[in-house]
Amino acid sequence: MPSPRYWREVPSRFRLEAVRCRTCGKVSFPSRAICPGCRGTEFEKTALTREGKVVTSTVLYVAPNEFAMETPYAVAIVETPEGARLMVQLVDCEPDAVKPGLPVALEFRLVRQEGHGGILCYGHKAVPAGA
Amino acid sequence: MRDVAIVGVGMTRFGELWETSLRDLFVQAASDALHSARADHLDAVFIGNMSAGQFVGQEHIGPLLVDHLGMAGVAAGRVESACASGGLALRTAFVEVASGMSDLVMAAGVEKMTDGADVTDVLATAADQELEAYHGITFPGLYAMIARAHMEKHGTTEEDLSWVSVKNHRHGALNPKAQFPVEVTLEAVMRSSMVADPLRLLHCSPVSDGAAAVLLCPLDQAKQYTDRPVRIRASGLATGSMALADRKDIAFLDAVQLSAQRAYKMAGLTPADMQLAEVHDCFAIAEICCIEALGLVAPGTGNSAARTGETALGGRIPVNTSGGLKAKGHPVGATGIAQAIELVEQLRGEAGARQVKGARIGLAQNMGGSGASSVVHIFEGV
């Protein structure tokens, strides 16, 4: 992921910045120019609550090169109280323990590295709530 | 719009074809298609290809490939919709002929996947780079999430998934063009190594090289080229949310349903009129979700279809008689065209040991990404 692109995504990656549609109330994460629910274009900024529940998940045994040292690891779709859904890694627990409905907290973590010796790329990962 | 027919077909064997380059794969399939129709000219060529740029470092393949076909000058271009690129090329050619723009058009598909690129990384570019791939997900991983959602909602089991692979390998064993023309046992599938839980190696389509090509012309000119044209009754194309997280129901493929509804409406037909189907089984769960979204089985019941034999050769609605992506192979850009070729052979009664008796009408469904794009074509033997 080239650096300008990473820098551009900092608001959503670091602060979970999202937008709420002023017309239909749908929360989009990350922000969009046009609401996917009603095609409205008026938004207010909001930030996602750093918690949610697992909708579905998997455990990866064959990973992209950058993540090969981490297998097996869980990746889940998490829904926040705002109704936004995001894909994140789920860590600090046995990957096989991840089930639908599992309450999780979203924590600021290192996600990946931009190539060999490249910049460190941060974002959020989920951990079981209370862990 | 004019009625459109397929009048010629050609395809390479699918597999790890180390000795054959991207351009040679295309030339082989395209030449076979031209010869089969005794055609010596083309008005236009549309080539489905997901990622020659990443797989072999070659963009701009439209002129490159027609040049190597000895036809520099002909209108040509590449179309892309990830793994649905072939289906999109067929639709583009169909519209070109139906509209009256051109009379003899080739729809082709080609992918060269074994020249050393990191295939997992390249395929992951069909997912949302910012929201999905960034977090280390893979394509098997995305479909594994769909599988778990289907298990949670409909009680689907690992054994259900495995029967899809067993069935498609039984079909593929009868297909001389298949990459893996061998049967596999249920036990072998269920013991194969885990890729992305619950999907195991033998629930996943392979990495393949291959090319396929079909020739289209107006139905009323078809007899110039063949005694057995196959009419394209309808073409349906649809898109859905790119990111899996944005789908209302993760266990349901909206874009597949929408593309099918558009095709059924255009043809004036219903799912019950289909006598066979080629569907996009890039992973075992995909076939289960696709037959539900296509209306070939009731929602939530796709999981038992392979086990009961409903979708096997001889069953109520044979699905993936070619062996599907699983056994035939999945050179991604070529897949949509190869599906059309299976339909043509079936509807001409030329499918040999794989023949569905009396087949007259069938469909092919080709899908991109985790289901964000889908193309359905309905064919009729004439």
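Worth saying up front: this structure is predicted, and the values here are computed from it rather than measured. (Residues numbered from 1 in each chain as written. Chains lettered and ligands numbered in written order. Predicted model: local features only at pLDDT ≥ 70, side-chain atom pairs only at ≥ 80, totals over all residues.)

Engineer: Please explain the nonpolar core as it appears in this structure.
Structural biologist: With 174 residues, the main nonpolar core has Ile6, Met106, Ala107, Ala108, Val214, Leu216 and Ile337 of chain B as its most contacted residues. The contact partners of isoleucine 6 of chain B, leaving out residues within four places of it in the chain, are Val214, Leu215, Leu216, Pro229, Val230, Ile232, Ala340 and Val344 of chain B. (Core = buried A, V, L, I, M, F, W, Y, C linked by C-beta atoms within 7 Å. Buried ≥ 20, exposed ≤ 12 C-beta atoms within 10 Å, placed from the backbone. Contact = placed C-beta atoms within 7 Å.)

Engineer: Even after reading the chapter, I still don't get the sheet that holds strand β1 (residues 17-21) of chain A, so can you show me in this structure?
Structural biologist: Strand pairing in a sheet takes place through backbone hydrogen bonds and is either antiparallel or parallel in direction. All names here are of chain A. Pairing is antiparallel across the open sheet formed by three strands, whose spatial order is β2-β1-β3. For this open sheet the edge positions go to β2 (27-28) and β3 (43-47), each flanked by a neighbour on one side alone. With two bridges connecting them, β1 and β2 associate as antiparallel partners. Residue arginine 20 lies in a different strand from β2, and its bridge partner there is valine 27. (Pairing = 2+ DSSP bridges. Helix = DSSP H or I, 4+ residues; strand = E, 2+ residues; numbered from the N terminus.)

Engineer: I would appreciate a short explanation of the domain arrangement of chain B in the present structure.
Structural biologist: One frequent convention defines the size of an interface as the accessible area lost when the parts assemble. All names here are of chain B. Segmentation of chain B into domains returns domain 1 (4-118 + 207-230) and domain 2 (126-204 + 233-381). Across the boundary between the two partners, domain 1 contributes 36 residues, which contact 34 residues of domain 2. Those elements that provide at least two residues to the side of domain 1 that touches domain 2 are β1 (4-11), α4 (85-98), β4 (105-111) and β7 (210-218). Taken together, the residues that form the side of domain 1 that touches domain 2 break down as 21 nonpolar, ten polar and five charged. (Domains from an automatic or database assignment. Nonpolar A, V, L, I, M, F, W, Y, C, P; charged D, E, K, R; others polar.)

Engineer: Any chance you could explain the interface of chain B and chain A here in plain terms?
Structural biologist: Each partner contributes residues to the interface: chain B has 27 residues there, and chain A has 23 residues. Looking at the side of chain B that touches chain A, the elements that each hand over two or more residues are α5 (119-124), α6 (139-154) and β5 (194-197) of chain B. For the side of chain B that touches chain A, the element with the highest residue contribution is α6 of chain B, accounting for seven residues. Residues of the side of chain B that touches chain A, tallied by class, amount to 14 nonpolar, five polar and eight charged.

Engineer: Help me understand the packing of α4 of chain B against helix α13 (residues 332-347) of chain B, please; the structure alone is not making it clear to me.
Structural biologist: Helix-helix packing: each pair is described by the crossing angle between the helix axes and the interaxial distance. Residue and element names in this part refer to chain B. The N-to-C vectors of α4 and α13 enclose an angle of 55 degrees; their axes lie 5 Å apart at closest approach. The angle between the axes of α4 and α13 places the two elements in the oblique class. Between α4 and α13, the residues in contact are Ser85, Gly86, Gly87, Ala89 and Leu90 and Val332, Gly333, Ala334, Thr335, Gly336, Ile337 and Ala340, respectively. When its residues are assigned to classes, the contact of α4 with α13 shows six nonpolar, six polar and no charged. (Axes fitted to C-alpha atoms, helices over the stretch in contact; angles between N-to-C directions. Parallel < 35°, antiparallel > 145°, perpendicular 65-115°, else oblique.)

Engineer: Just checking my understanding: could you explain helix α10 (residues 284-293) of chain B for this structure?
Structural biologist: Because each turn of an α-helix spans 3.6 residues, side chains separated by three or four positions end up pointing in the same direction. Residue and element names in this part refer to chain B. The element α10 is extensively covered by neighbouring structure, given that ten of its ten residues are classed as buried. Among the residues of α10, Ala284, Ile285, Ala286, Glu287, Ile288, Cys289, Cys290, Ile291, Glu292 and Ala293 are the ones counted as buried. In this structure, the buried residues of α10 make contact with α6, α7 (158-172), α9 (254-267), α11 (305-308), α12 (324-328) and β10 (361-368).

Engineer: Help me understand the packing of helix α1 (residues 22-36) of chain B against helix α3 (residues 61-68) of chain B, please; the structure alone is not making it clear to me.
Structural biologist: Residues and elements named next belong to chain B. Remark: α1 packs on α3, axes separated minimally by 9 Å, with the N-to-C direction vectors making an angle of 60 degrees. Classified by the angle between their axes, α1 and α3 sit oblique to one another. Classified by chirality, the crossing of α3 by α1 is right-handed. For the pair α1 and α3, the contacting residues are Arg23, Phe26 and Val27 in the first and Leu64, Leu65 and His68 in the second. (Left-handed = near helix turned anticlockwise from the far one by under 90°.)

Engineer: Which parts of the structure should I look at to understand the environment of glycine 8 of chain B?
Structural biologist: All names here are of chain B. Here glycine 8 is to be found in strand β1. It is 5.3 Å that separates the C-alpha atoms of glycine 8 and serine 36, two residues lying 28 residues apart in sequence. Excluding residues within four positions of it along the chain, glycine 8 makes contact with Ala33, Leu34, Ser36, Ala37, Ala39, Val214, Leu215, Tyr225 and Thr226.

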